[in-house]
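Listed below are the residues making up each chain.
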Amino acid sequence: MLLYITVSTFVLALFLWSNNFRKNKNTRHLALFMMVVSLYGITHYFVVFSTNLFWTAFLYNHFTPLYLLIGPLLLFYIRGVLTDSYQLTKKDFFHFIPAIVQTIGIAPYFLVSFSEKLKNARAVHENKNNMLLLELNQFFDAKSCFLLREGFLILYILAAAIFIFLKYPALKNNPAISKKKLQTSLRWIAVLLGTSFIIALYFLSITIQSIQSTPEETFTKTYVFDLVSGVAYFTMTFSLLLFPGVLYGIQKKKNKSSGTSYSNVFETATIDSQVVNEPFFELSQKIRCYLDLEKPFLAMNFSITTVAIALQIPKNEVSYCFNTIMGTSFYKIRNELRVAHASFLLQGNDSNKLTIEAIGEASGFSTRSNFYSVFKEIIGSTPSEYVLQWKNNPNS
């Protein structure tokens, strides 16, 4: 069971990385965290329960520096959710020092022939006690490596919990933050920290028992622990699937606008009735209103950043509204809005006061070729052809 769940976690983490990296870069911390945690579980399975020498030799000891990054990645992700910032500072470099030291410590092992690594894998499979006897690190023995690994993770989990405790009063009393979204995010973080703590305790407990007795004896009595850790992995993975909105941070609310109507240019950005109760639904309506009234898309340098700055909201929230709530991409709706404006200008250009190139520029297109290609892609004809068709049949 542990193998299937950890592999599923790894696959989900890859999916998160590939599908959400550009929408919310803080997701990369969560994706990397889940990758490394699942890799730890996969390695544990092949070393303890499997008889496959190849995968044991491949996984054993090689990825131990990554295991020391589990805690920092978890802290970076939670910090990013609560502060809406994914950027690392110079001080964050210190979090990587243990992993760097570990990398230097096992560097000679990378140069050992794979046949020698297969011998180590065979020795571990024949007698689990050899896990604590193999000296594969220049600086620490096996016992110290295991204890430091789990100890660091538990310390980071506690540090993340303290960070949340200190940050919560300001978040709770901030009128610009959606209380519903805040509670959803905090519930997800609680699940993430809780399952991480259970997994860390699982590995720490079997490490301590192995040191006090022997690994061979310990692994014959860990069925309950294995089951609990499997449930923790499962909960961590699939609870995220139930609350995908948590990937986009904490939504900040804006003052309601009144007397606003929406233009027909948004007809292509349909709204699924299922998302009306989404915390971001109101925000998506405000973005539509802003685009309709202010027409910022007429500027050539119009981007998601423009919307974020104008409405004072994070870029990842803007991206989420376009992709999930409106069911389209920012770039697609930007092109459709520009083409709609250009077609309006073309229809009113009876006296040919403006050239087609000038209309393209007035609609936000930076080059003539870009204007023509986008216009034809959306309308089905070039701007010149469109003018002739409209003159021949204005009601079409």
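Please read these numbers as outputs of a predicted model, since none were measured by experiment.

Within the chain, the secondary structure is distributed over 18 helices and zero strands. Taking all 396 residues of the chain together, 47% fall into the buried category. Sequence-distant contacts in the chain: of pairs separated by 6 or more residues, those separated by 24 or more amount to 75%. Carbon and sulfur atoms form 61% of the exposed surface of the chain, whose accessible area is close to 20000 Å².

What follows is about the packing of helix H12 (residues 281-294) against helix H14 (residues 315-325). Between H12 and H14, whose axes approach to 9 Å, the crossing angle comes to 95 degrees. As far as their axial angle goes, H14 and H12 are roughly perpendicular. Residues Phe 281, Leu 283, Ser 284, Ile 287 and Leu 291 of H12 touch H14, and the partners they reach there are Glu 317, Val 318, Cys 321, Phe 322 and Ile 325. Of the residues assigned to the contact of H12 with H14, the class counts are eight nonpolar, one polar and one charged.

For the rest of this paragraph, the subject is the confidence of the model for the chain. Should pLDDT be low for a region, the predicted coordinates there are not to be read in detail. Across the chain, the average pLDDT comes to 83, with 85% of residues at 70 or higher. Below a pLDDT of 50 lies the segment residues 251-263, which in the model reaches 34 contacts outside its immediate sequence neighbourhood of four places, other chains included. Long-range and interchain partners of residues 270-275, a stretch whose pLDDT sits below 50, account for 11 contacts in this model, where long-range means more than four residues apart.

Turning our attention to the pattern of salt bridges. Taken as a whole, this structure holds four salt bridges when the rule is applied. When the shortest N-O distance is used, the salt bridge between Asp 92 and Arg 79 registers 2.9 Å. One end of the pair, Asp 92, is in the loop between helix H5 (70-83) and helix H6 (97-110); the other, Arg 79, is in helix H5, with 13 residues separating them in the sequence. Judged by its relative accessible area of 4%, Asp 92 is buried. Between Glu 282 and Lys 286 there is a salt bridge; the shortest N-O distance is 2.9 Å. Highlighted residues: Glu 282 and Lys 286, both in helix H12, separated by four residues, approximately one helical turn. For Glu 282, a relative accessible area of 34% gives the class partly exposed.

This part takes up the environment of Ile 206. One can find Ile 206 in helix H9 (residues 179-212). Once the C-alpha coordinates of Ile 206 and Thr 218 are considered, the two residues, 12 residues apart in sequence, prove to be 6.7 Å apart.

Under the counting rule described, the total for this entry stands at three cavities of 30 Å³ or more. When its volume is computed, the largest cavity comes out at roughly 420 Å³. Contributing to the lining of the largest cavity are 30 residues, with Tyr 40, Tyr 60, Met 131, Phe 146 and Arg 149 lying nearest its centre. Of all the secondary structure elements, the ones that give two or more residues to the lining of the largest cavity are helix H2 (27-48), helix H4 (64-67), helix H8 (142-172) and H9.

Moving on, we get to a nonpolar patch on the surface. Residues Phe 93, Phe 94, Ile 97, Ile 100, Val 101, Ile 104, Phe 139, Phe 140 and Leu 148 make up a contiguous nonpolar surface patch of about 790 Å² in total accessible area. With four residues, H6 is the largest single contributor of residues to the nonpolar patch. Mapped onto the elements, Ile 100 comes out in helix H6.

For the rest of this paragraph, the subject is the nonpolar core. Counting 64 residues, the largest nonpolar core has Leu 30, Phe 33 and Ile 78 as the members making the most contacts within it. If you list the elements that add at least two residues to this core, you get helix H1 (2-20), H2, H5, H6, H8, H9 and helix H11 (223-242). Of all the elements, H2 adds the most residues to this core, at 13 residues.

Definitions and cut-offs
- Residues numbered from 1 in each chain as written.
- Predicted model: local features only at pLDDT ≥ 70, side-chain atom pairs only at ≥ 80, totals over all residues.
- Heavy atoms only, no water.
- Helix = DSSP H or I, 4+ residues; strand = E, 2+ residues; numbered from the N terminus.
- Buried < 20%, exposed > 50% of the residue type's maximum accessible area, 1.4 Å probe, protein only.
- Contact = heavy atoms within 4.5 Å.
- Areas by Shrake-Rupley, 256 points an atom, 1.4 Å probe, with all protein chains shown as cover.
- Axes fitted to C-alpha atoms, helices over the stretch in contact; angles between N-to-C directions.
- Parallel < 35°, antiparallel > 145°, perpendicular 65-115°, else oblique.
- Nonpolar A, V, L, I, M, F, W, Y, C, P; charged D, E, K, R; others polar.
- pLDDT = per-residue confidence, 0-100.
- Salt bridge = Lys/Arg side-chain N within 4 Å of Asp/Glu carboxyl O.
- 1 Å grid on protein atoms, 1.4 Å probe; cavity = no way out; pocket = protein on both sides within 12 Å on 5 of 7 lines; lining within 4 Å.
- Points joined across faces, edges and corners; volume = space filled by probe spheres on them.
- Patch = residues over 30% accessible without salt bridge, like charges linked within 9 Å, V, L, I, M, F, W, Y side chains within 5 Å.
- Core = buried A, V, L, I, M, F, W, Y, C linked by side-chain atoms within 4.5 Å.

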